[in-house]
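# Fold and geometry: a report
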Amino acid sequence: MDYRKAGVDIEAGYRSVELMKEYVKETMRPEVMGGLGGFSGAFSLEALKGMEKPVLLSGTDGVGTKIKLAFLLDKHDTVGIDCVAMCINDVACAGGEPLFFLDYIACGKNYPEKIAAIVKGVAEGCKQAGAALIGGETAEHPGLMPEDEYDLAGFAVGVADEKDLITGADVRAGDTLIGIASSGVHSNGFSLIRKVFEMTKKSLDTWYDELGSTLGEALLTPTRIYVKALRALKDKGIRVKGCSHITGGGFYENIPRMLPEGIRALVKKDSYQVPAIFRLLQEKGGIAEQMMYNTYNMGLGMVLAVDPSDADQALAAIREVGETPYIVGSCEAGERGVVIC
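Structural notes, computed from the coordinates.

About the criteria used
Residues numbered from 1 in each chain as written. Predicted model: local features only at pLDDT ≥ 70, side-chain atom pairs only at ≥ 80, totals over all residues. Heavy atoms only, no water. Pairing = 2+ DSSP bridges. Helix = DSSP H or I, 4+ residues; strand = E, 2+ residues; numbered from the N terminus. Axes fitted to C-alpha atoms, helices over the stretch in contact; angles between N-to-C directions. Contact = heavy atoms within 4.5 Å. Parallel < 35°, antiparallel > 145°, perpendicular 65-115°, else oblique. Left-handed = near helix turned anticlockwise from the far one by under 90°. Nonpolar A, V, L, I, M, F, W, Y, C, P; charged D, E, K, R; others polar. Buried < 20%, exposed > 50% of the residue type's maximum accessible area, 1.4 Å probe, protein only. Salt bridge = Lys/Arg side-chain N within 4 Å of Asp/Glu carboxyl O. Phe/Tyr/Trp six-rings, centres within 6.5 Å; stacked < 30°, edge-to-face > 60°.

## Here's the deal with the sheet that holds strand β14 (residues 337–340)
Taken in spatial order, the 6 strands line up as β10-β12-β7-β13-β11-β14 in an open sheet, and their pairing is mixed. Lying at the two open borders of the sheet, with one neighbouring strand each, are β10 (240–245) and β14. Each adjacent strand pair in this sheet contributes to an overall mean axis angle of 25°, direction not counted. Where strand β11 (residues 263–267) and strand β13 (residues 325–333) come together, 5 bridges link them in antiparallel fashion. Across the sheet, the residue bridging to I263 is A333, located in β13. On the sheet, helix α8 (residues 227–235) packs against β7 (176–181), β10 and β12 (300–306) and is oriented at approximately 15° with respect to β12.

And the structure:
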């Protein structure tokens, strides 16, 4: 008896590391110390000396049951982008500059090419965010997970000078709400999606004219990473008073998180185009509109609060980095919460 016969292939683990090295190298930043393969990832904090009061920000998350679609379509090179986005967008919406990222892959059996494809996506997400992928773990779990399945989670660390933190504390009545377009469903609400649509390769490969793609392509579209948009606003000297990453819980749970007591957000439904995937999902599933806005991003991956005098300049800055912004509403005095009208 040996470890391979028990279900853990150490040689496959070595092969996975070799295959992923080329992707990981592309994410390196000058602060990274050492190379891939150490027991820990080292990252110099020399650059923080220029900050008055540096604050570390962290975020951790996974991809959820969206990963089931990757299994069905045998497409594993995009869920890593989702994983990075879910963690790093949380850091960015607090005003943080992403520094580094770590991933964790648990699998029933280590197939090196599949693991490398997953890490390729993680590395792509890190490149989009400007973060270094400085470490990770691939854990083979025979008997605990089916051989052809895996789970993926990540952890991100960023930094901000205390004076640049986005806390929402100074959001006021009259402030303008800017929404930044999502790429689709992102990585939330897939347990409901899997009840609405038949989860077979045939169903996912079905073409929908209104989507301009197959259902699977639309649903697997990676989560957008908003680091460049928020960095552009900072570089232009535009103060983002509040910022909400629209994830699980949709508008109703996430937008109030950026508001102080005594302020509510008014979001106008007709201020932007809701992507077709949400209309299709609502129609096929017979889902109430309130539930859609309470579960999904409905086409807005982030919502920002800015002073009205900064709104036009903010829109221009966001467009310059390739994102699509909309003025979607405003803030007013009232019980903290969100009104969708």
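## What to know about the packing of helix α3 (residues 79–92) against helix α4 (residues 112–129)
In a packed pair of helices, the relevant descriptors are the angle between the two axes and the axis-to-axis distance. Running from N to C, α3 and α4 point in directions that differ by 40°, and their axes come no closer than 6 Å. When the axis of α3 is compared with that of α4, the two are oblique. As for the relative orientation of α3 and α4, their crossing is right-handed in sense. Two secondary-structure elements touch here, α3 through G80, I81, V84 and I88 and α4 through I118, G121, V122, E124, G125, C126, Q128 and A129. Residues of the contact of α3 with α4, tallied by class, amount to 7 nonpolar, 4 polar and 1 charged.

## A short note on the environment of E11
By the secondary structure assignment, E11 is in helix α1 (residues 10–25). Overall, the relative accessible area of 48% leaves E11 in the partly exposed class.

## Here we look at the pattern of salt bridges
Counted under the stated rule, the structure contains 20 salt bridges. A salt bridge links D164 to K234; the shortest N-O distance between them is 3.7 Å. In this pair, D164 sits in the loop between β6 (150–161) and β7 while K234 sits in helix α8, placing the two residues 70 residues apart along the sequence. D205 is the partner of K201 in a salt bridge, and the nearest nitrogen-oxygen pair spans 2.6 Å. Using a relative accessible area of 44% as the deciding quantity, one classes K201 as partly exposed. Judged by relative accessible area, D205 falls into the partly exposed class, the value being 37%.

## Details of unusual backbone geometry
Look at H186: it is not a glycine, yet its phi comes out positive at around 65°. Following the sequence through the fold, H186 ends up in the loop between β7 and α5 (190–196). H186 sits in the buried class, given a relative accessible area of 2%. Its identity is not glycine, yet M298 carries a phi of approximately 55°, on the positive side. With respect to the secondary-structure elements, M298 resides in the loop between α11 (289–293) and β12. Accessibility expressed as a relative area gives 1% for M298, which makes it buried.

## Side note on the pairing of β13
Consecutive side chains of a regular strand alternate in pointing toward one face of the sheet and then the other. Where β7 lies against β13, 5 bridges are found, and the strand directions are antiparallel. In the strand pairing of β13, L177 is matched with G329.

## Concerning the environment of I67
Examined against the element boundaries, I67 turns out to sit in helix α2 (residues 67–73). With relative accessibility at 5%, the residue I67 sits in the buried group.

## Quick look at the packing of aromatic side chains
A full pass over the atoms with the stated rule returns 5 aromatic pairs. Ring centres 5.0 Å apart and planes at 75° place the aromatic pair F71 and Y150 in the edge-to-face group. Taken together, the residues F71 in helix α2 and Y150 in strand β6 connect sequence positions 79 residues apart. Given the relative accessible area of 17%, F71 is considered buried.

## A few points about the environment of E335
Along the polypeptide, E335 turns up in the loop between β13 and β14. Note on E335: relative accessible area 72%, which makes it exposed. With 171 residues separating them along the chain, E335 and D164 place their C-alpha atoms 27 Å apart. Leave out the neighbours within four places in its chain, and E335 touches I263 and R264.

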